[in-house]
There are 2 protein chains.
Amino acid sequence: MTSTDHGPRPAVRPTRQRRAVAAALAGFDDFRSAQEIHDLISRQGDSVGLATVYRTLAALADAGEVDMLRNEDGEAIWRSCSDTHHHHLVCRACGATVEVEGPAVERWTSAIAGEHGYADISHTLEIFGTCPGCR
Amino acid sequence: MTSTDHGPRPAVRPTRQRRAVAAALAGFDDFRSAQEIHDLISRQGDSVGLATVYRTLAALADAGEVDMLRNEDGEAIWRSCSDTHHHHLVCRACGATVEVEGPAVERWTSAIAGEHGYADISHTLEIFGTCPGCR
DNA sequence: GGAGAAGTTGACAATGATTCTCATTCAAGT
DNA sequence: ACTTGAATGAGAATCATTGTCAACTTCTCC
């Protein structure tokens with residue numbers, strides 16, 4: 001047990017289930033619903049409760065390791081992501097996703113918010129369209 | 001006055017219920033859930049079924065007369081709006097809303113989309129924060 | 001190696017928003 | 001008034017998501 005103490009314990013344990021979710025996330029590039037991810041895991045031979053999938057995804061999103069956004073029906077959809085702040089260009093038909101960055105947009109939102117005295121700003125920006133392959 | 005003929009429009013009848021929803025919408029500036037709007041209507045003395053409120057809000061949103069967006073829980077929230085394309089700066093605490101326009105953002109999103117060959121673009125951009133009054 | 005504490009899990013119930021069903025009611029045109 | 005199709009409401013039905021709680025791991029300390 002070589003252990004390095006870094007202040008308060010993370011208290012996050014590496015379990016079979018969490019590994020399965022991580023493995024599933026590694027297997028696709030677009031956004032998927034929790035249920036789809038749950039199915040994927042089953043198809044990979046593992047068995048993880050749906051509630052656990054939700055819990056794990058929420059934890060990962062909290063830790064900034066996955067992106068969660070909502071499709072037009074309000075359903076949560078997820079995918080693993082790079083750790084910088086970015087937005088998405090998502091194909092309406094096939095779900096193909098491109099991560100995009102827009103420093104200008106970041107600047108613009110903080111400027112607008114500041115102008116109106118709003119603090120503690122966050123924002124959502126997603127672009128939907130039809131990708132070249134789906135036309 | 002612009003032409004009123006915008007193609008085949010399914011008959012929309014002015015009913016007591018639709019007037020009640022419109023009246024309720026006129027009574028607030030921030031985003032409210034369908035249920036809150038339903039409560040408002042009741043409090044104003046009218047009685048309209050919840051399903052009808054949903055149907056009417058959906059129709060109005062379709063017609064571009066109200067904005068519908070999703071809060072962080074994925075719930076649909078609504079408010080009447082101006083008819084130009086715009087975005088919102090919403091207070092996380094009290095729901096106070098400011099409509100903002102960002103030509104630069106519009107330009108940026110189409111540029112990005114074009115760059116990647118995506119067509120038929122739409123986008124969502126909402127800014128959340130804490131308003132001056134709620135700090 | 002083992003005991004006990006604390007984080008995790010799974011099966012299933014519970015919630016809650018939104019939609020659907022369908023018999024009834026209403027507005028518009030004749 | 002009479003007919004017709006849109007509109008409504010009450011409640012059932014969906015469906016994603018969260019809560020419950022006993023059983024089960026993993027970790028730590030001895």
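Presented here is a report on the structure given in the accompanying data block. Bear in mind the structure is a predicted one, so any value in this text is a computation, not a measurement.

Calculation rules
- Residues numbered from 1 in each chain as written.
- Chains lettered and ligands numbered in written order.
- Predicted model: local features only at pLDDT ≥ 70, side-chain atom pairs only at ≥ 80, totals over all residues.
- Heavy atoms only, no water.
- Helix = DSSP H or I, 4+ residues; strand = E, 2+ residues; numbered from the N terminus.
- Buried < 20%, exposed > 50% of the residue type's maximum accessible area, 1.4 Å probe, protein only.
- Contact = heavy atoms within 4.5 Å.
- Areas by Shrake-Rupley, 256 points an atom, 1.4 Å probe, with all protein chains shown as cover.
- Lys, Arg positive; Asp, Glu negative; His and termini not counted.
- Charge placed at Lys NZ, Arg CZ, Asp CG, Glu CD.
- Least-squares fit on C-alpha atoms with pLDDT ≥ 70 in both.
- Core = buried A, V, L, I, M, F, W, Y, C linked by side-chain atoms within 4.5 Å.
- Pairing = 2+ DSSP bridges.
- Axes fitted to C-alpha atoms, helices over the stretch in contact; angles between N-to-C directions.
- Buried area = accessible area lost by both parts, 1.4 Å probe.
- Salt bridge = Lys/Arg side-chain N within 4 Å of Asp/Glu carboxyl O.
- Polar contact = N/O pair within 3.5 Å; in protein donor to acceptor, adjacent residues only side chain to side chain.
- Nonpolar A, V, L, I, M, F, W, Y, C, P; charged D, E, K, R; others polar.

Secondary structure assignment for chain A yields four helices and six strands. If you line up chain A on its principal axes, its C-alpha atoms span 50 × 50 × 25 Å. In chain A, buried positions account for 39% of the 135 residues. Within chain A, contacts between residues at least 6 apart in sequence are counted, and of these 46% link residues at least 24 apart. Surface exposure of chain A reaches about 8000 Å², of which carbon and sulfur atoms provide 50%. Of the charged side chains in chain A, 13 are positive and 19 negative; the average position of the first set lies 7 Å away from that of the second.

This paragraph deals with the relation of the copies chain B and chain A. By a simple turn and slide, chain B fits onto chain A: the slide is 0.0 Å along the axis, the RMSD is 0.2 Å, and the turn is 180°. The two molecules are tied by a two-fold rotation axis, judged by turn and shift. Identified as the residue of chain B closest to the rotation axis by C-alpha distance is Leu-125 of chain B, at 2.1 Å. The residues that chain B uses at the interface reappear at the interface of chain A in 100% of cases, marking a shared surface.

Now for the nonpolar core. If you look at the biggest cluster of nonpolar residues, it comprises 24 residues, and the most contacted ones within it are Leu-89, Trp-108 and Tyr-118 of chain A together with Leu-89, Trp-108 and Tyr-118 of chain B. When contributions to this core are tallied by element, the ones reaching two or more residues are strand E4 (87-91), strand E5 (97-100), helix H4 (103-115) and strand E6 (119-130) of chain A together with strand E4 (87-91), strand E5 (97-100), helix H4 (103-115) and strand E6 (119-130) of chain B. Residues in contact with Leu-89 of chain A, not counting those within four places in the same chain, are Ala-96, Thr-97, Val-98 and Ile-127 of chain A together with Ile-112, Ala-113, His-116 and Tyr-118 of chain B.

Okay, the sheet that holds E5 of chain A next. The mixed open sheet is built from six strands, whose spatial order is E5(A)-E4(A)-E6(A)-E6(B)-E4(B)-E5(B). The open sheet has two edge strands, E5 of chain A together with E5 of chain B, and neither has a second partner. Sheet twist, expressed as the mean angle between neighbouring strand axes with direction ignored, is 20°. Sheet topology note: the E4 of chain A/E6 of chain A ladder contains four bridges and is parallel. Bridging across to E6 of chain A, Cys-91 of chain A finds its partner in Gly-129 of chain A. In this fold H4 of chain A packs onto E4 and E6 of chain A together with E4, E5 and E6 of chain B, with an angle of close to 40° to the strand it touches most, E6 of chain B. Those strands touched by H4 of chain B are E4, E5 and E6 of chain A together with E4 and E6 of chain B, and its axis lies near 40° from that of E6 of chain A.

Tallying the contact residues gives 37 residues for chain B and 37 residues for chain A. Each partner contributes to the roughly 3000 Å² buried at the junction of chain B and chain A, and carbon and sulfur atoms together form 63% of this total. It is Trp-108, Tyr-118 and Ile-127 of chain B in chain B that bury the most area against chain A; as a group they hold 21% of the surface buried on that side. At the junction of chain B with chain A, the criterion picks out two salt bridges. With a shortest N-O distance of 3.5 Å, Asp-120 of chain B and Arg-92 of chain A are connected by a salt bridge. Our enumeration of links across chain B and chain A arrives at 14 residue pairs in polar contact (both at pLDDT 80 or more). If one sorts the elements of the side of chain B that touches chain A by residue count, E6 of chain B sits on top with twelve residues. In the side of chain B that touches chain A, the residues fall into 18 nonpolar, eleven polar and eight charged. When E6 of chain A meets E6 of chain B, the two strands line up antiparallel, connected through nine bridges.

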